[in-house]
Amino acid sequence: MGLKEGTRAARLAKVGGLVGLVGVGATGCSTEEVLRFGWPVAVTPQAEAMRELWTWSVVAALAVGVIVWGLILWSVAFHRKKSEELPRQVAYNLPLELVLLVVPTIIVAVLFYFTAVTQNYVTDKSKAPDVTVDVIAFQWNWEFQYPQYKTEAASLPVSTVGSSGEIPLLVVPQGKSIRFNLRSTDVIHSFYVPEFHFKRDVFPEPEKNNQDNSFQIDQIDRTGSFVGRCAELCGVYHAVMNFEVRALESADFDRYIELRQQTNAATGQPYTAAQALTELDCGELCTPHAVTTRPFDTDRTVREASGGGK
């Protein structure tokens with residue numbers, strides 16, 4: 001039975017619906033953007049699984065909210081005080097009490113099930129990865145080592161280290177599984193790539209902290225550059241402790257690693273990430289510096305000179 005035309009409740013329902021439509025329309029968002037609820041576009045299967053869990057959890061919460069709001073408005077509209085006569089008092093309502101017990105239990109059980117399934121998938125490391133990256137965090141930058149690839153000269157792992165003047169590039173292949181092993185040399189940091197929809201704290205001596213310090217992704221779905229950040233307050237320059245994930249096509253990554261293992265004739269040292277990308281020459285993806293973030297200028301005299309010493 002619908003609301004009677006012309007009543008206050010019907011008018012409120014129309015106004016509420018109109019406000020909702022205008023609110024959704026004014027955002028200018030596509031359906032896909034609305035269903036992401038502000039999350040970045042996922043670039044890994046694990047990230048998409050987490051996004052789906054989040055979306056449908058919010059949809060379920062909104063559905064429950066709509067029912068609760070509707071019951072509140074229905075009570076306000078149709079059960080207002082009409083006289084001084086005391087309404088009929090009901091001590092127990094067994095069917096209603098069963099509904100209020102069973103329905104929330106089912107909702108919690110369903111949410112728990114899908115959360116557990118998604119969590120097990122995201123944290124699964126049962127398959128051998130195609131590429132392994134050792135991530136070493138330190139105040140206030142990152143080092144990325146590829147333990148399975150050694151340099152020709154010193155037989156050391158291929159490594160990229162960031163500095164105050166250079167954002168470190170974590171170059172990885174698109175379409176291959178990657179395992180990240182995380183470790184800190186000083187305080188607790190946190191490895192976070194928004195497009196992965198995932199972050200994990202980076203502890204010093206993780207074994208002594210009984211911490212699972214690695215995670216694995218099935219693949220990065222598309223090539224591109226994705227900003228990475230430290231998501232744990234770790235000191236003065238925490239806010240600028242950034243890095244960049246650079247996902248290359250598999251063949252380009254193989255050539256990149258091949259160059260990183262060789263000695264650059266011009267310098268007499270193994271190729272750096274920037275030199276290898278320049279040599280690779282694969283367009284925008286081979287830009288030798290970060291494109292998603294920039295280094296922090298540590299020269300405080302520059303700020304003082306431009307800001308009048310303030």
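What this report covers is the structure whose coordinates are included nearby.

Definitions and limits used
- Residues numbered from 1 in each chain as written.
- Predicted model: local features only at pLDDT ≥ 70, side-chain atom pairs only at ≥ 80, totals over all residues.
- Heavy atoms only, no water.
- Helix = DSSP H or I, 4+ residues; strand = E, 2+ residues; numbered from the N terminus.
- Buried < 20%, exposed > 50% of the residue type's maximum accessible area, 1.4 Å probe, protein only.
- Contact = heavy atoms within 4.5 Å.
- Areas by Shrake-Rupley, 256 points an atom, 1.4 Å probe, with all protein chains shown as cover.
- 1 Å grid on protein atoms, 1.4 Å probe; cavity = no way out; pocket = protein on both sides within 12 Å on 5 of 7 lines; lining within 4 Å.
- Points joined across faces, edges and corners; volume = space filled by probe spheres on them.
- Nonpolar A, V, L, I, M, F, W, Y, C, P; charged D, E, K, R; others polar.
- Core = buried A, V, L, I, M, F, W, Y, C linked by side-chain atoms within 4.5 Å.
- Disulfide = S-S within 2.5 Å.
- Pairing = 2+ DSSP bridges.
- Axes fitted to C-alpha atoms, helices over the stretch in contact; angles between N-to-C directions.
- Phe/Tyr/Trp six-rings, centres within 6.5 Å; stacked < 30°, edge-to-face > 60°.
- Expected span 1.5 Å × (residues − 1).
- Polar contact = N/O pair within 3.5 Å; in protein donor to acceptor, adjacent residues only side chain to side chain.

**A few points about the overall build of the chain**
Turning to step 1, where the next piece is worked out: A count of helical and extended segments in the chain gives seven helices and twelve strands.
Turning to step 2, where the next piece is worked out: Relative to its 310 residues, the chain shows a buried fraction of 31%.
Turning to step 3, where the next piece is worked out: Residue pairs in contact within the chain that sit at least 24 positions apart in sequence constitute 63% of those at least 6 positions apart.
Turning to step 4, where the next piece is worked out: Looking at the chain as shown, the accessible area adds up to about 19,100 Å², and 60% of this sits on carbon and sulfur atoms.

**Regarding empty space enclosed by the protein**
Turning to step 1, where the next piece is worked out: A full pass over the atoms with the stated rule returns one cavity of 30 Å³ or more.
Turning to step 2, where the next piece is worked out: There is about 60 Å³ of room inside the largest cavity.
Turning to step 3, where the next piece is worked out: Counting residues per element, the ones that place at least two in the lining of the largest cavity are helix 3 (45-78) and strand 8 (214-217).
Turning to step 4, where the next piece is worked out: Per-class residue counts for the lining of the largest cavity are seven nonpolar, three polar and no charged.

**Let's talk about the nonpolar core**
Turning to step 1, where the next piece is worked out: In this structure, V133, Y146, F180, F191, I220 and Y256 are the most contacted members of the largest nonpolar core, which totals 47 residues.
Turning to step 2, where the next piece is worked out: Contacts of V133, omitting those with residues within four sequence positions, involve F144, Q145, Y146, L170, V172, I178, R179, F180 and N181.

**A word on the state of the cysteines**
Turning to step 1, where the next piece is worked out: Going through the model one piece at a time under the given rule, you end up with one disulfide.
Turning to step 2, where the next piece is worked out: Disulfide partner of C282: C286, at an S-S distance of 1.8 Å. Here the disulfide of C282 and C286 is right-handed, its torsion about the S-S bond being about 95°.
Turning to step 3, where the next piece is worked out: On the basis of relative accessibility, which here comes to 5%, the residue C286 falls in the buried class.
Turning to step 4, where the next piece is worked out: For C230, which is in no disulfide, the shortest distance to another cysteine sulfur is to C234 and amounts to 3.8 Å.

**Examining the sheet that holds strand 7 (residues 198-202)**
Turning to step 1, where the next piece is worked out: Taken in spatial order, the five strands line up as 4-10-9-6-7 in an open sheet, and their pairing is mixed. The outermost strands of the open sheet, each flanked by one partner alone, are strand 4 (169-173) and strand 7. On average, each strand axis in the sheet is inclined to that of its neighbour by 25°, with strand direction left out of account.
Turning to step 2, where the next piece is worked out: Of the pairings in the sheet, the one linking strand 4 to strand 10 (residues 242-248) comprises five bridges and is parallel in character. Residue pairing in the sheet places P173 in a bridge with L248 of strand 10.

**Focus: the packing of aromatic side chains**
Given two aromatic rings, their pairing is described by the distance between the two centres and the angle made by the two planes.
Turning to step 1, where the next piece is worked out: Under the definition given, this model contains 17 aromatic pairs.
Turning to step 2, where the next piece is worked out: Summarising the aromatic geometry, the rings of W140 and Y237 are spaced 5.5 Å apart at their centres and angled 80° between planes, so their arrangement reads as edge-to-face. Highlighted residues: W140 in the loop between strand 1 (131-138) and strand 2 (141-150) and Y237 in the loop between strand 9 (224-230) and strand 10, separated in sequence by 97 residues.
Turning to step 3, where the next piece is worked out: In this structure W140 comes out as partly exposed when scored by relative accessible area, which is 26%.
Turning to step 4, where the next piece is worked out: Classification of Y237 as partly exposed rests on a relative accessible area of 21%.

**Quick notes on helix 4 (residues 94-122)**
Turning to step 1, where the next piece is worked out: In this model, helix 4 (29 residues) spans 42 Å end to end at C-alpha, consistent with the 42 Å of a helix rising 1.5 Å per residue.
Turning to step 2, where the next piece is worked out: In this structure N93 caps helix 4, since a side-chain oxygen of it lies 3.2 Å from the backbone nitrogen of L96.

Distances and angles like these do not, on their own, reveal function.
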